[in-house]
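# Fold and geometry: a report
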Amino acid sequence: MNIRDFEYLVALAEHNHFRKAAEACFVSQPTLSGQIRKLEDELGTALLERSSRRVLFTDAGLQLVEQAKKILSEVKTFRDMASDQSGAMTGPMHIGFIPTVGPYILPRIVPTLKEQFPDLELYLHEAQTHQLVRQLEEGKLDCLVLASVSETEPFKEIEVYREPLSVAVPCDHEWAKLDELDMLELNGKTVLALGDGHCLRDQALGFCFAAGAKDDERFKATSLETLRNMVAAGAGITLLPQLSLPKEKQKDGVCYVRAVNPEPTRSIVVAYRPGSPFKTRFEQLAETIKQQLGC
């Protein structure tokens, strides 16, 4: 067996389809299928149920898939250490961003990164926190830029920004002319929120629930822009992170009011695997973000 066999096995588990797995590995379907069968023969155990029309792994197959992921992650770390231990900002860097950070931070940092580090090859990936965490664990991403949550605790984190959340209300709302709003004023109110899977949903609702507000269960947004448009349409109020706010206090039918007592915030961090040899790179990335955000 060899490393390529592990890659075939993991690709098949991820795609659950021989043709798609083969395409992901840049080989023909017969090649991938033949290598999986050779691996089974070498191991002396069945990895797949051959009678099924679907890709269905045996219990032994599922266990070996997880082990193969760990092996591939260690191999990537080994190669990274061998290729570059200096921390120079050169070569590929795969960075994951959550949807409530990426659209607002990337336009600020990408031009600077390209100018300061012309030999750095940026690969940018946007997904929800649980998806990014899994990809970081598997070695598919080098680091993440996201809000610190319990799921990121196993990783090393560099805090780059403590981001406040503001209350967004329609311009004809009674709070629209206020400079700041005590969070306790939300007691008994209903707030709009993102859908399940967004870490900001849990963070924002945590502050709202503590103030005595409740979630509008009739609507769950897929993005901050959907939330903003719903507020503009007079459908409710919400909390939005500072990076997503316009410079104006009032714009396009939405007014933004600073929240206090307490000020709701989230911690934006650069997260990476503890064993990664690229700590210096990630520190430089974090420093660039801080500079561009004026931190």
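In short, a report on the structure. (Residues numbered from 1 in each chain as written. Predicted model: local features only at pLDDT ≥ 70, side-chain atom pairs only at ≥ 80, totals over all residues. Heavy atoms only, no water.)

### Some remarks on the overall build of the chain
Within the chain, the regular secondary structure consists of 9 helices and 11 strands. Each of the three principal axes of the chain carries a C-alpha extent, and together these read 70 × 50 × 30 Å. For the chain, with 295 residues in total, the buried portion stands at 47%. Within the chain, residue pairs in contact and separated by at least 24 positions form 73% of the contacts whose partners lie at least 6 positions apart. Of the roughly 15,000 Å² of accessible surface on the chain, 48% is carried by carbon and sulfur atoms. Across the chain, the mean location of the 34 positive side-chain charges is 3 Å away from that of the 42 negative side-chain charges. (Helix = DSSP H or I, 4+ residues; strand = E, 2+ residues; numbered from the N terminus. Buried < 20%, exposed > 50% of the residue type's maximum accessible area, 1.4 Å probe, protein only. Contact = heavy atoms within 4.5 Å. Areas by Shrake-Rupley, 256 points an atom, 1.4 Å probe, with all protein chains shown as cover. Lys, Arg positive; Asp, Glu negative; His and termini not counted. Charge placed at Lys NZ, Arg CZ, Asp CG, Glu CD.)

### Quick look at unusual backbone geometry
Note the cis peptide between asparagine 261 and proline 262, where omega equals -5°. Along the chain, the position of proline 262 falls in the loop between strand E10 (254–260) and strand E11 (265–272). Phi at phenylalanine 26 takes a positive value of approximately 60°, unusual for a residue other than glycine. Following the sequence through the fold, phenylalanine 26 ends up in the loop between helix H2 (18–24) and helix H3 (29–43). For phenylalanine 26, a relative accessible area of 76% translates into the label exposed. One non-glycine residue, aspartate 252, lies in positive phi territory at about 50°. Looking at the secondary structure, you find aspartate 252 in the loop between strand E9 (250–251) and E10. We classify aspartate 252 as exposed; its relative accessible area is 65%.

### Looking at helix H9 (residues 279–293)
Between its first and last C-alpha atoms H9 spans 21 Å; for 15 residues at 1.5 Å apiece the expected length is 21 Å, and the two agree. Those residues of H9 that fall on the buried side of the exposure criterion are Arg281, Phe282, Leu285, Ala286, Thr288, Ile289 and Leu293. Each buried residue of H9 lies within a common arc of 155° when the element is viewed along its axis, so the set occupies one face. The inward-facing, buried residues of H9 abut strand E1 (91–97), helix H5 (102–116), strand E2 (120–126), strand E3 (143–147), strand E4 (156–170) and E11. Following H9 by one or two positions, glycine 294 adopts a phi angle in the positive range, close to 70°. (Expected span 1.5 Å × (residues − 1). Arc of directions from axis to C-beta.)

### Re the environment of serine 33
Looking at the secondary structure, you find serine 33 in helix H3. For serine 33, a relative accessible area of 24% gives the class partly exposed. Distance in space between the C-alpha atoms of serine 33 and alanine 211 is 57 Å, their sequence separation being 178 residues.

### Overview of the nonpolar core
In globular proteins that are soluble, nonpolar side chains generally tend to be buried together. In terms of nonpolar packing, the biggest core is built from 73 residues, with Ile105, Leu144, Val145, Leu186, Val270, Leu285 and Ile289 touching the most fellow members. Element by element, the count of residues in this core is highest for E4, at 7 residues. Once you skip the residues sitting within four places of it in the chain, leucine 285 turns out to touch Met89, Met93, Ile95, Leu113, Cys143, Val145 and Val270. Counting residues in hydrophobic clusters, the runner-up holds 20 residues, among them Phe6, Ala22, Cys25 and Ile36. (Core = buried A, V, L, I, M, F, W, Y, C linked by side-chain atoms within 4.5 Å.)

### Some words on the pairing of strand E7 (residues 214–221)
Examined bridge by bridge, strand E6 (residues 190–194) and E7 share 4 bridges and lie parallel to one another. If you follow valine 191 over to E7, its bridge partner there is aspartate 215. Regarding topology, helix H7 (residues 199–210) serves as the crossover connection from E6 to the parallel E7, and that connection is right-handed. (Pairing = 2+ DSSP bridges. Right-handed = clockwise from strand over helix to strand, strands pointing away.)

### As for the side chain of threonine 152
Along the chain, threonine 152 turns up in the loop between E3 and E4. A polar contact of 2.4 Å, which involves the side chain of threonine 152, links it to the side chain of glutamate 157. Every residue in contact with threonine 152, bar those within four places of it in the chain, is listed here: Val133, Leu146, Ala147 and Glu157. (Polar contact = N/O pair within 3.5 Å; in protein donor to acceptor, adjacent residues only side chain to side chain.)

### What to know about the environment of leucine 43
Assignment of secondary structure puts leucine 43 in helix H3. For leucine 43, a relative accessible area of 34% gives the class partly exposed. Between the alpha carbons of leucine 43 and methionine 1 there is a distance of 8.9 Å; along the sequence they are 42 residues apart. Here leucine 43 is in contact with Met1 and Leu64, once residues within four sequence places are set aside.

### Structural notes on a nonpolar patch on the surface
Judged by side-chain polarity, Met1, Leu43 and Leu64 come together as a nonpolar surface patch covering roughly 240 Å² of accessible area. Residue classification places methionine 1 among the partly exposed positions, given a relative accessible area of 47%. (Patch = residues over 30% accessible without salt bridge, like charges linked within 9 Å, V, L, I, M, F, W, Y side chains within 5 Å. Salt bridge = Lys/Arg side-chain N within 4 Å of Asp/Glu carboxyl O.)

### A word on the packing of H5 against H9
A pair of packed helices is captured by two measures, namely the crossing angle of their axes and the spacing between those axes. Here H5 crosses H9 at 120°, and the two axes come no closer than 10 Å. Here H5 is positioned oblique relative to H9, judged by the angle of their axes. For the pair H5 and H9, the crossing hand works out as right-handed. Contact residues: Ile105, Arg108, Ile109, Thr112, Leu113 and Gln116 in H5; Leu285, Thr288, Ile289, Gln291, Gln292 and Leu293 in H9. (Axes fitted to C-alpha atoms, helices over the stretch in contact; angles between N-to-C directions. Parallel < 35°, antiparallel > 145°, perpendicular 65-115°, else oblique. Left-handed = near helix turned anticlockwise from the far one by under 90°.)

Structural measurements only, silent on function.
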